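An overview of the molecular structure
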Amino acid sequence: MTAQTPAGWDGILDEDETILWQGRPDAGLVLKDLKLLSALHGLFFMGFSLYWMTLASELGTHYGGSGVEGFLLMILPLFGLVFFMLGFYNGFGHIFWDAYLRSKTHYTLTSNRAFVATAHPSKGKLLTDYKIDTHNIITLKAGPPDSIFFKSEKIDFKRIEDGRKVHKLMRQVQENSQ
């Protein structure tokens, strides 16, 4: 670890690698990501599952008995919750999930690579790196906030405040990699 390497980066950065920029994405909800067809599909799923759960609960009320049969009729409406939740996620929940993951994400740009660190609730701490060289296609999507997309990889710097500055730094890293 060199003198310029911040704590926690030892063993991750190469010897000649230095950190140029670090930041976090805006974690707010992005209603632009809401797609009409997906929202309609989700509403249909949610509506149908509510209808099904209502009918199933009435079935349990009218024909409920005792023992195993009565118990099964009581829990039958709960199976509709799975479909309700799937409909909610497909229609609207994905924008909440994306905002949540962005709130747990950090970006780092070094003299050689771009890093995305995410504290995922089920997968744990994830660190993805992407080597920046002249073969990469890096796209700036002007905001505000700005986003930077890497064409050949599934790694992006989404919704960052100083995207133009970071894009310029990435272009300099590309030029220096020749």
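This one's a predicted model, so the numbers in the text were calculated from it and none came from an experiment. (Residues numbered from 1 in each chain as written. Predicted model: local features only at pLDDT ≥ 70, side-chain atom pairs only at ≥ 80, totals over all residues. Heavy atoms only, no water.)

**Quick notes on the overall build of the chain**
To keep it simple, the criterion reads: What counts as a helix is a DSSP run of H or I of at least four residues, what counts as a strand is a run of E of at least two, and both are numbered from the N terminus. Burial classification: accessible surface area is computed with a 1.4 Å probe over protein chains only, and a residue below 20% of its type maximum counts as buried, one above 50% as exposed, and the rest as partly exposed. Contact between two residues is taken to exist if any of their heavy atoms lie within 4.5 Å; hydrogens are not considered. Each accessible area value is a Shrake-Rupley result obtained with a 1.4 Å probe; residue values ignore everything except the protein chains displayed when judging cover. Lys and Arg are tallied as positive, Asp and Glu as negative. Neither His nor the chain termini are counted. For the purpose of locating charges, the reference atoms are NZ of Lys, CZ of Arg, CG of Asp and CD of Glu.
A tally of regular secondary structure across the chain gives four helices and seven strands. Along its sequence from the N terminus, the chain presents helices and strands in the succession β-α-α-α-β-β-β-β-β-β-α. Taken along its principal axes, the extent of the C-alpha atoms in the chain is 75 × 35 × 25 Å. Expressed as a percentage of the 178 residues in the chain, the buried residues total 33%. Within the chain, contacts between residues at least 6 apart in sequence are counted, and of these 57% link residues at least 24 apart. When the accessible surface of the chain is split by element, carbon and sulfur atoms take 61% of a total near 11600 Å². Within the chain, the 18 negative side-chain charges are centred at a point lying 5 Å from the centre of the 18 positive side-chain charges.

**So, the sheet that holds strand β2 (residues 105-110)**
Note the threshold: Pairing between two strands is assigned when DSSP locates at least 2 bridges connecting them. To obtain each axis, a line is fitted to C-alpha atoms, and for helices this fit is confined to the stretch in contact; angles are then taken between N-to-C directions over 0 to 180 degrees.
Spatially, the four strands line up as an open sheet ordered β1-β2-β3-β4, and their pairing is antiparallel. Only two strands of the sheet have a single partner each, and these edge strands are β1 (19-23) and β4 (124-131). Neighbour-to-neighbour, the strand axes of this sheet turn through a mean angle of 15°, independent of strand direction. Bridge analysis of β2 against strand β3 (residues 113-120) gives five bridges, and the strand direction is antiparallel. Bridge pairing in β3 links Thr105 to Thr118.

**Regarding the side chain of Arg102**
When you line up the elements, Arg102 lands in helix α3 (residues 80-103). With residues near it in sequence (within four places) discarded, Arg102 still touches Arg24, Pro25, Asp26, Ala27, Gly28, Val30 and Arg159.

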